[in-house]
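Close look at the chain arrangement
As a plain string of letters, each chain reads:
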Amino acid sequence: MENKGFSRREFIKVAAGSAVVTLGSGGCAFFSECKAKNKPRGNYKVFSKGKIGSLDLKNHIVKAATDVGATNDDCSFMSEGLGMYKEWSRGGAGLIISGHMTVVPQSGKNFVFNHNLTCIHDDKFIPQLSKMARVVHDADSDCKILAQINHIGMDSTTEPVSASSVPWPFVKKQPHVLSVSEILELEDLYLAAAKRAKAAGFDGIQLHGAHSFLLNTFLTPFSNKRTDQYGGSMKNMVRIVREMTDKIKSSLGSDFPVLIKVNGFAKLPFDGIDADAFPRFLHELSGTGLDAIEISEDKDTDEAKRRVRHTMYDEKVSLSIPLIMTGGNASVEDVERLSQQGTAEYFGFARSLIREPDLPNRWLEKVGDAGCECIFCDACVEYLLEGRKLVTCQEI
Ligand SMILES: Cc1cc2nc3c(=O)[nH]c(=O)nc-3n(C[C@H](O)[C@H](O)[C@H](O)COP(=O)(O)O)c2cc1C
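In short, a report on the structure. (Residues numbered from 1 in each chain as written. Predicted model: local features only at pLDDT ≥ 70, side-chain atom pairs only at ≥ 80, totals over all residues.)

**Concerning the overall build of the chain**
Regarding its fold elements, the chain presents 15 helices and 12 strands. The proportion of buried residues among the 396 residues of the chain is 49%. A separation of at least 24 residues holds for 71% of the contacts in the chain among residues at least 6 apart in sequence. (Helix = DSSP H or I, 4+ residues; strand = E, 2+ residues; numbered from the N terminus. Buried ≥ 20, exposed ≤ 12 C-beta atoms within 10 Å, placed from the backbone. Contact = placed C-beta atoms within 7 Å.)

Rendered as structure tokens:
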């Protein structure tokens, strides 16, 4: 078929016939009626069924957490943002992780990135958050959704808090160092948030332990200089995660899924754990009762750099729980190869699913090429960081 002046995106849609463009109207009959195994790429490992803890998943494709700038001034999630979750569910991801939600009240005014943050610190948010869980389940009853819960820690311009008093590059202000009793209170805030997520109908939660937020400050010697039971050894650095996971599972059931997202190997120079220590760190984390670990890798798509770090995962990382690898995944053939060679079991996608929410289904159907339309330009991130609402692809 000749491309007669269509954009690449339009061309792929048209070439696929009208089947893929049913998003936004009632139902996605083309995809929902047939099972993955009957599809052109249905025999791929990434499209096979999976399980994280007690959670049955229809495939190994994860919509990585994405703050879509859909937060009202009162901290509640905007109804206008629900449509994106519906599209991601219809688009074929097996698991969706929500944008981060904070366990304490936060306004955009004291967030270093200057946009409102969705909150989960009060029961009053449950009705609106339950719409997010419902829209995903209604669009595809096989698609699961986790609430990502977070404390922005040092990224608060007014009350930065951290594991130790190491100023973070973004925020020059000296952070308040959490005392042991404040750490225990923080764990209770995470537990309360997890209870709300469960009440709202989410299938589990993900602790945000990456991207310089509060939990991240405990998980790296760069910012954890503590000499008490929460610092020093790796066992001590991950203690806070073990205690949070214990509290959540004791209260909500051992089968309630608790995952974590942590910075990956490529972010290590910043974090201060070297290539030898990183596999040990993951191993220590995997023994805390968590159901899976998501690695937030550098966002670049540079093949050579990616190969180096994948070799490290292949050779040195062997865990008892699944690994979700996120960052720069741009081709179904690449992730299938990584899946086959055992580099990771699950693969996370953020920017590419902002551009093409139906990318998993397009790949499964073998429509268009094996890559994605996203060029990883980060214009979507800039749009969010400018404080603008309802993130969409901003590529020009
Ligand atoms: C607009 C936008 C918002 C994001 N919000 C979050 C978030 O709330 N929590 C989080 O852990 N990561 C967040 N991320 C990071 C992604 O989950 C992911 O780790 C990163 O974009 C790399 O994956 P990608 O190359 O597939 O985009 C966000 C990314 C983008 C582009």
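**Points about the site of the ligand**
Residues in close proximity to the ligand total 25 residues, the closest being Ala64, Ala65, Asp67, Ala350 and Arg351. Looking at the shell around the ligand, the element that brings in the most residues is helix α15 (residues 379-385), giving 3 residues. (Near = placed C-beta within 6 Å.)

**Digging into the packing of helix α5 (residues 180-199) against helix α8 (residues 239-252)**
Interhelical geometry of α5 versus α8 gives an angle of 40 degrees and a closest axis separation of 9 Å. When the axis of α5 is compared with that of α8, the two are oblique. Viewed along their axes, α5 and α8 form a crossing whose handedness is right-handed. Contacts between α5 and α8 pair Ile183, Glu187, Tyr190, Leu191, Ala194, Lys195 and Lys198 from the former with Ile240, Glu243, Met244, Lys247, Ile248, Ser251 and Leu252 from the latter. Of the residues in the contact of α5 with α8, the class split is 8 nonpolar, 1 polar and 5 charged. (Axes fitted to C-alpha atoms, helices over the stretch in contact; angles between N-to-C directions. Parallel < 35°, antiparallel > 145°, perpendicular 65-115°, else oblique. Left-handed = near helix turned anticlockwise from the far one by under 90°. Nonpolar A, V, L, I, M, F, W, Y, C, P; charged D, E, K, R; others polar.)

**Quick word on the pairing of strand β10 (residues 292-296)**
Burial within β10 is extensive, with 5 of its 5 residues counted as buried. Summarising the sheet, strand β9 (residues 258-263) and β10 pair through 5 bridges and their orientation is parallel. Bridged to lysine 261 within β10 is glutamate 294. (Pairing = 2+ DSSP bridges.)

**Some remarks on the sheet that holds β9**
Taken together, the 8 strands give a closed barrel; going around it, the order is β3-β4-β5-β8-β9-β10-β11-β12, and neighbouring strands pair in parallel fashion. Neighbour-to-neighbour, the strand axes of the sheet open up by a mean angle of 25 degrees, direction not taken into account. Here 6 bridges tie strand β4 (residues 95-102) to strand β5 (residues 144-150), and the two strands are oriented parallel to one another. Of the residues in β5, the one forming a bridge with isoleucine 96 is isoleucine 145.

**Structural notes on the nonpolar core**
Membership of the largest hydrophobic core comes to 99 residues, with the highest contact counts inside it found for Ile120, Ile149 and Phe347. Here this core gets 6 residues from one element, more than from any other, and that element is α5. (Core = buried A, V, L, I, M, F, W, Y, C linked by C-beta atoms within 7 Å.)

**Focus on the pairing of β5**
The element β5 is largely enclosed, with a buried count of 7 among its 7 residues. Here β5 shows a buried face lined by Lys144, Leu146, Gln148 and Asn150 and a second buried face lined by Ile145, Ala147 and Ile149. After leaving β4, the chain enters helix α4 (residues 126-139) and then returns to the sheet as β5, a path that is right-handed. Pairing analysis gives 4 bridges linking β5 to strand β8 (residues 204-209), with the strands arranged parallel. The residue bridging glutamine 148 from the neighbouring strand is glutamine 206, located in β8. (Right-handed = clockwise from strand over helix to strand, strands pointing away.)

**Points about α4**
The end-to-end C-alpha distance of α4 is 20 Å, a good match for the 20 Å that 14 residues give at a rise of 1.5 Å each. Every buried residue of α4 is accounted for by Leu129, Met132, Ala133, Val135 and Val136. (Expected span 1.5 Å × (residues − 1).)

**Side note on unusual backbone geometry**
The residue serine 212 is not glycine, and still its phi comes out positive at about 75 degrees. The residue phenylalanine 376 is not glycine, and still its phi comes out positive at about 55 degrees. Its location among the elements puts phenylalanine 376 in the loop between α14 (359-365) and α15. We classify phenylalanine 376 as partly exposed; it has 18 C-beta atoms within 10 Å.

**Notes on the packing of helix α3 (residues 82-90) against α4**
In contact at an axis separation of 8 Å, α3 and α4 are set at 30 degrees when each is read in the N-to-C sense. Of the possible angle classes, the one that applies to α3 and α4 is roughly parallel. As α3 packs across α4, the resulting crossing turns out to be right-handed. Where α3 approaches α4, its residues Leu82, Tyr85, Lys86, Ser89 and Arg90 are matched on the opposing element by Lys131, Met132, Val135, Val136 and Ala139.

**A closer look at the environment of asparagine 72**
Structurally, asparagine 72 can be placed in the loop between β3 (61-63) and α3. The class for asparagine 72 is partly exposed, based on 15 C-beta atoms found within 10 Å. Residues asparagine 72 and serine 107, spaced 35 residues apart in sequence, show a C-alpha to C-alpha distance of 9.7 Å.

**Details of the environment of leucine 219**
Within the fold, leucine 219 resides in the loop between α6 (214-218) and α7 (234-237). Residue leucine 219 is classed as buried on the basis of its 25 C-beta neighbours within 10 Å. The spatial distance from the C-alpha of leucine 219 to the C-alpha of asparagine 236 is 9.3 Å, given a sequence separation of 17 residues. Those residues within four positions of leucine 219 in sequence are excluded, and the remaining contacts are Gly209, Met237, Val238 and Val262.

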